[in-house]
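What follows is the residue order along each chain.
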Amino acid sequence: MRLLLTGGAVFRNGAFQPLDVAIDEGRIVAVSPALPWEGFSVIKVPDKLIVPGFVDVHTHLREPGFCYKETIFSGTAAAAAGGYTAICAMPNLDPVPDSLENLEVQLEAIRRDAKINVYPYGAITKGEKGETLADMEALAPYVAGFSDDGRGVQSRHMMQWAMKIAKSLNRPIVAHCEDESYLTGGWSVHDGDFAREQGLPGNPSISEWRQVERDIQLVVETGCRYHVCHVSTRESVALIRAAKARGLPVTCETAPHYLVMCDRDLQDHGRFKMNPPIRSAADRDALVAGLLDGTIDCIATDHAPHSAEEKGKGLRGSLNGVVGLECAFPVLYTNLVETGIVPLETILNALCVNPRRIFGLPGGSVAEHMPADLTVLDLNRPHVIDSGSFRSLGRATPFDGWGVGAAVAMTICGDIVYSNLEEDSETEGRQ
Ligand code: DOR
């Protein structure tokens, strides 16, 4: 298919330039002002932005094992609708990808059903149980990194051993940081004012940052590349900032809900429950500061779908996890960019440039000879987030009903994988 995107502004080298983009057989063949239309299906995208496809480095696709929550087909369709052309898939699956044989089950489903690029993580430990290392050597050629997401690796010795091996395999450790010794008696929200007022069991910040601190020391000892998942506390931000200042190979992500909400915004509904929890206003502000000064590299979604029943038991009884792929960009744009808190360029770097740099993924630049891997953004499309219209099988999001000002208009991953353009945008084969 030969496509020509015309009239948009292309995000290149941190700035926007008015350029047309020509695509042939899944590759970008020209990026230039006023390209000739002949022989192309022309798509008019006036006043829209053309950016490298987003990458979510933290998605739960649930297949194999939990297809009632999400499948590779539904999850990647949701990702495409959110502007993502690549995702890194977390390994809390059944079977857990802790051996080549188990990983092959997931790879087979990806080859069969994925609408966009999916890069799986291998598990750090067998069954994510924290007791014995996974077959990291066999997995390494096929995975973006190693993670036991959903659970922190409790043993320092086990993490040290994993980091030594990951370093020798040139793969990052992608860590869910959670020291379980600080979690007593169940937990559902941040251990702060809201928890105390509601009489809810609180999850203290130290459960996260103590393990970040431990692991940074292990990075010093091993030299392993280390990426911290879903950072939620100001103490973690400070530790990561200091590690980067020392030149350590440490990177991290946070998620939209930690950047734009605090525990004051919680309601007693499962769609406000995830792990780590949404923390205090001071934590939120520290995360934004970290995004602005480059401490936080990526904005990931931690898209974690569950069934309506699993999410229907309030803050106390629901499972942890919210969906995020289909509303991440509109929420970030409306609440951080339109408000003047974060420049658009910073958000785009965190969504599409830094993830590829950190994980060595292909694409990431709207330039000649590159794969056609791009997203068209409409910054003037007010709408209300309606989880009922999601492609994801999961519907629980704290952003349901929020008014937003921007939308993803089109996602191209080789071919068009999602389109939500106005009716008059396409002009087939005009000369
Ligand atoms: O809220 C969460 N849900 N946090 C995690 O770490 C795991 C995830 C899931 O798999 O549901």
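Located above this text is the structure these notes cover.
Presented here is an overview of the structure given in this document. Just so it is clear, the structure is predicted and the values come from calculations on it, not from any experiment.

Reading the values: rules and limits
- Residues numbered from 1 in each chain as written.
- Predicted model: local features only at pLDDT ≥ 70, side-chain atom pairs only at ≥ 80, totals over all residues.
- Heavy atoms only, no water.
- Helix = DSSP H or I, 4+ residues; strand = E, 2+ residues; numbered from the N terminus.
- Rg over C-alpha atoms; globule rule 2.2 N^0.38 Å.
- Buried < 20%, exposed > 50% of the residue type's maximum accessible area, 1.4 Å probe, protein only.
- Contact = heavy atoms within 4.5 Å.
- Areas by Shrake-Rupley, 256 points an atom, 1.4 Å probe, with all protein chains shown as cover.
- Lys, Arg positive; Asp, Glu negative; His and termini not counted.
- Charge placed at Lys NZ, Arg CZ, Asp CG, Glu CD.
- Salt bridge = Lys/Arg side-chain N within 4 Å of Asp/Glu carboxyl O.
- Near = heavy atom within 4 Å.
- Polar contact = N/O pair within 3.5 Å; in protein donor to acceptor, adjacent residues only side chain to side chain.
- Nonpolar A, V, L, I, M, F, W, Y, C, P; charged D, E, K, R; others polar.
- Phe/Tyr/Trp six-rings, centres within 6.5 Å; stacked < 30°, edge-to-face > 60°.
- Pairing = 2+ DSSP bridges.
- Axes fitted to C-alpha atoms, helices over the stretch in contact; angles between N-to-C directions.
- Parallel < 35°, antiparallel > 145°, perpendicular 65-115°, else oblique.
- Left-handed = near helix turned anticlockwise from the far one by under 90°.
- Expected span 1.5 Å × (residues − 1).
- Arc of directions from axis to C-beta.

**Here we look at the overall build of the protein chain**
Now for step 1: Looking only at helices and strands, the protein chain has 12 helices and 22 strands in total.
Now for step 2: Taken against the 2.2 N^0.38 rule, which gives 22 Å for 431 residues, the C-alpha radius of gyration of the protein chain at 21 Å falls within 12% of a compact globule.
Now for step 3: For the protein chain, the spread of C-alpha atoms along the three principal axes comes to 70 × 50 × 45 Å.
Now for step 4: Taken over 431 residues, the protein chain has a buried fraction of 60%.
Now for step 5: Of the contacts made within the protein chain by residues no fewer than 6 positions apart, 74% connect residues no fewer than 24 positions apart.
Now for step 6: Surface summary for the protein chain: the accessible area is close to 15,900 Å², and the carbon and sulfur share equals 50%.
Now for step 7: For the protein chain, the distance from the average site of its 39 positive side-chain charges to the average site of its 56 negative ones is 3 Å.

**Comments concerning the pattern of salt bridges**
Now for step 1: Following the criterion strictly, the structure yields 21 salt bridges and no others.
Now for step 2: The partner of Arg284 in a salt bridge is Asp285, and the shortest N-O contact between them spans 3.1 Å.
Now for step 3: We classify Asp285 as partly exposed; its relative accessible area is 43%.
Now for step 4: Taken together, the shared-partner salt bridges in this structure form one network comprising Asp191, Asp193, Arg196, Glu197 and Arg264.

**Some thoughts on the environment of Pro382**
Now for step 1: Take Pro382: it is sitting in the loop between strand 17 (373-378) and strand 18 (383-384).
Now for step 2: On the basis of relative accessible area, Pro382 is assigned to the exposed category, the value being 65%.
Now for step 3: Note: C-alpha distance between Pro382 and Thr334 (48 residues apart in sequence) is 9.6 Å.

**Topic: the site of the ligand**
Now for step 1: Near the ligand there are 14 residues, and of these Arg62, Asn92, His176, Asn275 and His306 occur at the shortest range.
Now for step 2: A distance of 2.7 Å separates an oxygen atom of the ligand from a polar side-chain atom of Arg62.
Now for step 3: In this structure, an oxygen atom belonging to the ligand sits 3.1 Å away from a side-chain N or O atom of His306.
Now for step 4: When the ligand sits alone it has 290 Å² of accessible area, and the protein chains cover 93% of it.
Now for step 5: Looking at the shell around the ligand residue by residue, the class counts come to 2 nonpolar, 9 polar and 3 charged.

**Digging into the packing of aromatic side chains**
Now for step 1: Here the structure, examined in full by the defined rule, presents 6 aromatic pairs.
Now for step 2: Relative to Phe16, the ring of Phe11 lies with its centre 5.1 Å away and its plane at 40 degrees, an arrangement referred to as tilted.
Now for step 3: Between Phe54 and Tyr84, the aromatic rings sit 5.6 Å apart at their centres with planes inclined by 70 degrees, giving edge-to-face as the arrangement. In this pair, Phe54 is assigned in strand 8 (residues 54-59) and Tyr84 in strand 9 (residues 84-89), connecting sequence segments 30 residues apart. The same class applies to Phe54 and to Tyr84, which are both buried.

**Brief notes about the sheet that holds strand 10 (residues 117-120)**
Now for step 1: Spatial strand order, 8-9-10: 3 strands in an open sheet with parallel pairing. Of all strands in the sheet, those with a lone pairing partner are strand 8 and strand 10, marking the two edges. Along the sheet, successive strands turn relative to each other by an average axial angle of 20 degrees, direction set aside.
Now for step 2: Bridge analysis of strand 8 against strand 9 gives 4 bridges, and the strand direction is parallel. Across the sheet, residue Thr59 finds its bridge partner in strand 9, namely Ala89.
Now for step 3: Seen against the sheet, helix 2 (residues 100-113) touches strand 9 and strand 10 and runs at an angle of roughly 175 degrees to strand 10.
Now for step 4: Against the sheet, helix 12 (residues 344-359) touches strand 8 and strand 9, its axis set at about 70 degrees to strand 8.

**Points about the packing of helix 4 (residues 156-168) against helix 6 (residues 206-222)**
Now for step 1: The contact between helix 4 and helix 6 brings their axes to 10 Å, and the two run at 45 degrees. Considering their axes alone, helix 4 and helix 6 lie oblique with respect to each other. With respect to the hand of their crossing, helix 4 and helix 6 are arranged in right-handed fashion. Counted together, Arg156, Met159, Gln160, Met163, Lys164 and Lys167 of helix 4 and Arg214, Asp215, Gln217, Leu218, Val219, Glu221 and Thr222 of helix 6 form the full contact between these two elements.
Now for step 2: When the residues that make up the contact of helix 4 with helix 6 are grouped by side-chain class, the tally is 4 nonpolar, 3 polar and 6 charged.

**A look at the sheet that holds strand 2 (residues 9-12)**
Now for step 1: Spatial strand order, 3-2-7-17-20-21: 6 strands in an open sheet with mixed pairing. At either margin of the open sheet sits one strand with a lone partner, and together these are strand 3 (15-18) and strand 21 (415-419). Each strand axis lies, on average, 25 degrees off the axis of its neighbour in the sheet, ignoring direction.
Now for step 2: Across 6 bridges, strand 17 lies against strand 20 (residues 407-413) in antiparallel orientation. When the sheet's bridge partners are listed, Asp378 is paired in strand 20 with Ala407.

**Some words on helix 7 (residues 234-245)**
Now for step 1: The end-to-end C-alpha separation of helix 7 is 17 Å, in line with the 16 Å expected for 12 residues at 1.5 Å each.
Now for step 2: Among the residues of helix 7, those classed as buried are Ser236, Val237, Ile240 and Ala243. Within helix 7, the buried residues cover an arc of 130 degrees as seen down the axis, which keeps them to one side.
Now for step 3: In this structure, the buried residues of helix 7 make contact with helix 6, strand 14 (226-228), strand 15 (250-254) and helix 9 (281-292).
Now for step 4: Directly beyond the C-terminal end of helix 7, a positive phi value near 80 degrees is found at Gly247.

**Some points on the side chain of His257**
Now for step 1: Along the chain, His257 turns up in helix 8 (residues 256-260).
Now for step 2: Not counting residues within four places of it along the chain, the set of residues in contact with His257 comprises Met274, Ile278, Thr301, Val322, Pro398 and Phe399.

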